[in-house]
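If you want the building blocks of each chain, they are given just below.
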Amino acid sequence: MSTAFKPADILIPQNLNMESWAVVACDQYTSEPAYWEDVSKIAGGKKSALNLILPEVYLENDDVDSRIDKIHENMAEYVSSDTFKEYKNSMVYVERIQSDGKLRAGIVGMIDLEQYDYDKGSKSAVRATEATVVERIPPRIKVRRGAPIELPHIMILIDDTERTVVEPLSDKKSEFEKVYDFDLMKNGGHISGYVINKSSQDTVLSALEKLGGIDEFNAKYGLDEKSPLVYAMGDGNHSLATAKEFYEEQKRANPDKDMSNAPCRYALVEIVNLHSPALEFEAIHRIVMGVNTEKLLTEMVLELDLAEDKSEQKITVVQDGRHKDMYIHNQTSKLTVGSLQNFLDKYIAENGGRVDYIHGAEVIDELSKKDNSIGFLLPDMAKSELFPTVIADGALPRKTFSMGHAEDKRFYIEARRIDG
């Protein structure tokens, strides 16, 4: 089978209070230390994934290095005890009931980092969907360096319009071993996991191989590419980039070693169909502060040929809480957000000011009432635009879309050994 996604030796916690074990992705609630303090109380000194991760709310703390040392100690202790049961050469079918009651299904396995390149314009099978901020990688590598195991919060999307990979497993799950089934803490919903049997694994891999066939890929998108995009990052882009950089670091440190089957060549991930009804893309709006708003708007009208005459790229300009719909005619990206971001980056580099990224339109209304501030409301991005835009433009502009609410992000449950 020729696919970047493969079965893995997956560690599943056993004989534990799973609600205390599973915690949300480390890059959530980064401005809310009270959330993580509450998580610590729920874990209550019990064995928990909280003891194996570094919530990014603590990244700037003075004790970050000692926290990382303690994480490595906890990992070693958990691995040497009976905390995990290892399922060799396995995949886990996951059903997550989100906080909104919708079911999101996925498959946990490992992705080949040799087939992943996060650089903009990459032609690899696994690609980033937004710009990777390389400055965010080094502190994460500190956690991975010396760690015996990894725990993923990485979600990768496949564009499976015919629903051939994940969805058929729902009817087969009664044939699989159920390895967990519990409520997630703090409004995280409910989650169930099933180890996929060998025949269904083969079916999954065959469907993924077909999805990555170059002829089918080119016919689907009307292209003439040499290499297909099969796996597009959904969540955890910087965590996967960290795994990639650690693997490259190991290759450089061991130039004569055969790394073809090294555990660090792979990263544990969950793949989810882009077309899952539980996945909703929401726009992330912009507020620009500390600028001469009239000057900015005048230059924007000129550079983007911004006018009230309609085009396919619409933005809503917000000044003092008042809305005005405008349309971009000089489009510098396939996406409205790309054309806007290209202009803002250039303008701020030359004139100063700063951009903040906001989820709610009502927040933009309030912030636009402040002196020297102007807001821009953007349309929601259609899910169908994701793969074609990444193929055409490379990684999307940063903060293009939000995929789900914080409590619905991936929780840490499974693990995998990366030492040796």
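The structure we're discussing is the one just above.
Below or above, wherever it landed, is the structure these notes cover. A quick note: this is a predicted structure, and the numbers were derived from the prediction, not measured. (Residues numbered from 1 in each chain as written. Predicted model: local features only at pLDDT ≥ 70, side-chain atom pairs only at ≥ 80, totals over all residues. Heavy atoms only, no water.)

## Quick word on the overall build of the protein chain
Scanning the protein chain from terminus to terminus reveals 11 helices and 24 strands. Relative to its length of 420 residues, the protein chain is compact, with a C-alpha radius of gyration of 22 Å against a globular reference of 22 Å. The C-alpha extent of the protein chain, read off along each of the three principal axes, is 65 × 50 × 50 Å. The buried share of the protein chain, reckoned over its 420 residues, is 55%. Total accessible area on the protein chain is roughly 18200 Å²; 46% of this is exposed by carbon and sulfur atoms. Positive and negative charge centroids in the protein chain, built from 51 and 72 side chains respectively, lie 2 Å apart. (Helix = DSSP H or I, 4+ residues; strand = E, 2+ residues; numbered from the N terminus. Rg over C-alpha atoms; globule rule 2.2 N^0.38 Å. Buried < 20%, exposed > 50% of the residue type's maximum accessible area, 1.4 Å probe, protein only. Areas by Shrake-Rupley, 256 points an atom, 1.4 Å probe, with all protein chains shown as cover. Lys, Arg positive; Asp, Glu negative; His and termini not counted. Charge placed at Lys NZ, Arg CZ, Asp CG, Glu CD.)

## So, the pairing of strand β13 (residues 231-235)
Taken across its 5 residues, β13 has 5 buried, putting it largely inside the fold. Bridge count between strand β8 (residues 126-127) and β13: 2 bridges; the pairing is parallel. Bridging from a neighbouring strand, Arg127 pairs with Ala232 of β13. Here strand β10 (residues 155-158) runs beside β13; their pairing, made up of 3 bridges, is antiparallel. Bridge pairing links Met155 to Asp235 in β13. (Pairing = 2+ DSSP bridges.)

## Remarks on helix α3 (residues 64-80)
Under the 1.5 Å per step criterion, the end-to-end length of α3 is 25 Å for 17 residues, consistent within 8% with the ideal 24 Å. Those residues of α3 lying buried are Val64, Ile68, Ile71, His72, Asn74, Met75 and Tyr78. An end-on view of α3 places all buried positions within 165 degrees of arc, on one side of the element. Close packing links the buried residues of α3 with α1 (18-21), β4 (84-90), α4 (138-144) and β9 (149-150). (Expected span 1.5 Å × (residues − 1). Arc of directions from axis to C-beta. Contact = heavy atoms within 4.5 Å.)

## Remarks on the environment of Met289
Here Met289 shows up in strand β16 (residues 285-289). Linking Met289 and Asn372, residues 83 residues apart in sequence, is a C-alpha distance of 5.8 Å. For Met289, the residues in contact, after removing those within four places along its chain, are Gly353, Arg354, Asp356, Asn372 and Ser373.

## Structural notes on the pattern of salt bridges
Summed over all chains, the structure comprises 31 salt bridges. Across the salt bridge formed by Arg67 and Asp63, the nearest N and O atoms sit 3.3 Å from each other. The exposure class of Asp63 is partly exposed, given its relative accessible area of 31%. Residues Lys198 and Asp202 are paired through a salt bridge, measuring 3.0 Å at the closest nitrogen-oxygen approach. (Salt bridge = Lys/Arg side-chain N within 4 Å of Asp/Glu carboxyl O.)

## Digging into unusual backbone geometry
In this structure, Arg163 takes a positive phi of about 55 degrees despite not being glycine. Checked against the element boundaries, Arg163 lands in the loop between β10 and β11 (177-183). One non-glycine residue, Lys186, lies in positive phi territory at about 55 degrees. Position of Lys186 among the secondary structure elements: in the loop between β11 and β12 (190-195). Residue class for Lys186 comes out partly exposed when judged on its relative accessible area of 27%.

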